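# Coordinate analysis (summary)
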Amino acid sequence: MRRRAAIASALSATVVLIVGWELGASARTSIPTATDVSAPTTGDAASGDSAAASAGPAASATATPSPAVTAPNSSTTSGTYTGSDVQTRFGDVQVQVVVANGSITDVVALALTDDENRSRQISARAAPILRTEVLAAQSSQVQMVSGATYTSEAYLTSLQAALDQSGLS
């Protein structure tokens, strides 16, 4: 009888975790990011100059770049930049960023927390999420992964150091 109760308890806890994970993933995709918000347009609708206004958010976002992303030479910045090695209580984290023509094209985790098995599991779950968010936002200004606070903070700190080297900060 005790064995059945333990198995039922473990199964129900697993289901709760999976459902929570799925809800968190669907909530994360519905949160607007800086790229979703349209910037004010400069066109004058009364004079007929409405090309920027009629082209939608993408056109207006490129017409007025965000000050947090712009850099004086962002159109020519290219290369691979390695961020600082950030120490956490669960191990070191270091990130490398690949920039082409002023855009982040790839983010590679060179080192992730690995002090114990649980740290490796958390890092393995968090790193792809952080990479996807950074590539979408083209910035280190993304939300941290729930349950991976140390990894997220260190990952984003190392990433920001790499972006500072590239001139995209």
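Residues numbered from 1 in each chain as written. Predicted model: local features only at pLDDT ≥ 70, side-chain atom pairs only at ≥ 80, totals over all residues. Heavy atoms only, no water.

## A look at the packing of helix H4 (residues 117-137) against helix H5 (residues 149-166)
Any two packed helices are characterised by the angle at which their axes cross and by the distance between the axes. Under the convention used in this document: Where helices are involved, their axes are fitted lines through C-alpha atoms of the stretch in contact, as for all axes, and angles between N-to-C directions lie from 0 to 180°. Numbered from the N terminus, helices here are DSSP runs of H or I no shorter than four residues, and strands are runs of E no shorter than two. These descriptions rest on fixed angle ranges, namely under 35 degrees for roughly parallel, over 145 for roughly antiparallel, 65 to 115 for roughly perpendicular, and the rest for oblique. Two helices cross in a left-handed way if the nearer one is turned anticlockwise from the farther one by less than a right angle. They cross in a right-handed way if the turn is clockwise. Residues are treated as being in contact if the distance between any of their heavy atoms lies within 4.5 Å. In this classification, the charged set is Asp, Glu, Lys and Arg, the nonpolar set is Ala, Val, Leu, Ile, Met, Phe, Trp, Tyr, Cys and Pro, and all remaining amino acids, among them Gly, are polar.
Contact geometry for H4 and H5: axes closest at 10 Å, N-to-C directions at 45 degrees. The angle between H4 and H5 falls in the class oblique. The crossing of H4 and H5 is right-handed. Here H4 contributes Ile122, Ser123, Ala126, Ala127, Leu130, Arg131 and Val134 to the contact with H5, which in turn contributes Thr151, Ser152, Tyr155, Leu156 and Leu159. Here the contact of H4 with H5 is built from residues that sort into eight nonpolar, three polar and one charged.

## Some points on the pairing of strand S3 (residues 91-100)
The test is simple: One requirement defines pairing of two strands: DSSP has to find at least two bridges between them.
The pairing of strand S1 (residues 79-82) with S3 spans four bridges and is antiparallel. Residue pairing in the sheet places glycine 79 in a bridge with valine 99 of S3. Hairpin connection of strand S2 (residues 86-88) to S3: two residues between the antiparallel strands. Two strands pair when backbone bridges link them, and S3 and strand S4 (residues 103-111) are joined in this way by seven bridges, in the antiparallel orientation. Its bridge partner being in S4, glutamine 94 is matched across the sheet by alanine 111.

## Things to note about the side chain of serine 158
Looking at the secondary structure, you find serine 158 in helix H5. Serine 158 has contacts with Gly83, Ser84, Val86, Val93, Gln94 and Val95, leaving out every residue within four places of it along the chain.

## A short note on the packing of aromatic side chains
Counted only if it meets this: Side-chain rings of Phe, Tyr and Trp (the six-membered ring for Trp) are treated as a pair once their centres are within 6.5 Å; stacked means planes under 30 degrees apart, edge-to-face means over 60, and tilted covers the remaining angles. Using a 1.4 Å probe on the protein chains alone, a residue whose accessible area is under 20% of its type maximum counts as buried, one over 50% counts as exposed, and one in between counts as partly exposed.
Counting across every chain of the model gives one aromatic pair. Judged by centre distance (5.2 Å) and plane angle (70 degrees), the ring pair of phenylalanine 90 and tyrosine 150 falls under edge-to-face. Pair noted here: phenylalanine 90 is in the loop between S2 and S3 and tyrosine 150 is in helix H5, with a separation of 60 residues, a long-range link. By relative accessible area, which is 39% here, tyrosine 150 ends up partly exposed.

## Notes on unusual backbone geometry
The phi dihedral of asparagine 101 falls on the positive side, at around 55 degrees, and the residue is not glycine. In this structure, glutamine 138 takes a positive phi of about 55 degrees despite not being glycine. As for its position among the elements, glutamine 138 is in the loop between H4 and H5.

## Structural notes on the pattern of salt bridges
Pairing between side chains becomes possible if they bear opposite charge and their charged atoms approach one another. The condition is simple: Any Lys or Arg side-chain nitrogen located within 4 Å of an Asp or Glu carboxyl oxygen qualifies as a salt bridge.
Counted by the stated rule, this structure contains one salt bridge. Close ionic contact of arginine 131 with aspartate 106 constitutes a salt bridge, the shortest N to O distance being 2.7 Å. With arginine 131 in helix H4 and aspartate 106 in strand S4, this residue pair connects regions lying 25 residues apart in the sequence.

## A word on H4
What counts is decided by this rule: Here the expected length of a helix is defined as 1.5 Å per residue gap, with one fewer gap than residues. In this analysis the local bend is the angle between axes fitted, respectively, to the seven residues ending at and the seven residues starting at the residue.
For H4, spanning 21 residues, the distance from its first C-alpha to its last is 30 Å, which sits close to the expected 30 Å at 1.5 Å a residue. The sharpest bend along H4 comes to roughly 25 degrees, located at alanine 126, with the proline proline 128 sitting one to four residues further on. For H4, the full list of buried residues reads Ser119, Ile122, Ser123, Ala126, Ala127, Leu130, Glu133, Val134 and Ala137.

## Some points on the confidence of the model for the protein chain
What counts, and what does not: Confidence per residue, as judged by the predictor, is encoded in pLDDT with a range of 0 to 100.
Looking at the protein chain, pLDDT values average 73 and 57% of them are 70 or higher. With pLDDT under 50 throughout, residues 25-74 is counted as low confidence; its partners more than four residues away or in other chains account for 35 contacts.

## Brief notes about the environment of glutamate 133
With respect to the element layout, glutamate 133 can be found in helix H4. Counting along the chain gives ten residues from glutamate 133 to glutamine 143, while the straight-line C-alpha distance between them is 8.0 Å.

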